[in-house]
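Topology and contacts: notes
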Amino acid sequence: MSGVLPPELPPLPALTRAECRLVDAYLDVLDVLGRVNPARCEHTYGALRAAQALAGKAAELRDALELMHERGENELHAATLATALRVLDGERRSSLVTVPPG
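Residues numbered from 1 in each chain as written. Predicted model: local features only at pLDDT ≥ 70, side-chain atom pairs only at ≥ 80, totals over all residues. Heavy atoms only, no water.

Quick look at the nonpolar core now. Across soluble globular proteins, nonpolar side chains show a tendency to be buried alongside one another. With 14 residues, the main nonpolar core has Leu-15, Leu-22, Val-23, Leu-61 and Leu-81 as its most contacted residues. Sorting the residues of this core by element identifies α1 (17–36), α2 (44–70) and α3 (78–87) as the ones contributing at least two each. Examining the composition of this core, we find that 7 residues originate from one element, α1, more than from any other. Beyond its immediate chain neighbours, meaning those up to four positions away, Leu-81 contacts Leu-15, Glu-19, Leu-22, Val-23 and Leu-76. (Core = buried A, V, L, I, M, F, W, Y, C linked by side-chain atoms within 4.5 Å. Buried < 20%, exposed > 50% of the residue type's maximum accessible area, 1.4 Å probe, protein only. Helix = DSSP H or I, 4+ residues; strand = E, 2+ residues; numbered from the N terminus. Contact = heavy atoms within 4.5 Å.)

Following this line, the structure appears as structure tokens:
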């Protein structure tokens, strides 16, 4: 054993509870879209199941944004939310939604 540990992730930025819900719901939508991406999936059944789950995940995303709006959180702090997405592996997860390079 070499004892080499993976690099430590930066800390998650301070977020409101509603912002946490937004980030989680957004990542859930990305995960489902990645599973339904016709350029990446191999079986129709898995893509169908993902597509069926998409409506529920999109509703959770809508609800998170609605909650923020109702609480008076009218601005999205993009830099802070982008940091949270990076810490939570958002770059890899979002890459599954795109068409892979040829």
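Text resumes after the structure shown.
Tallied over the entire structure, the rule returns 5 salt bridges. Where Asp-63 meets Arg-62, a salt bridge forms, and the shortest distance between an N and an O atom there is 2.9 Å. Exposure remark for Arg-62: the relative accessible area of 47% places this residue in the partly exposed category. (Salt bridge = Lys/Arg side-chain N within 4 Å of Asp/Glu carboxyl O.)

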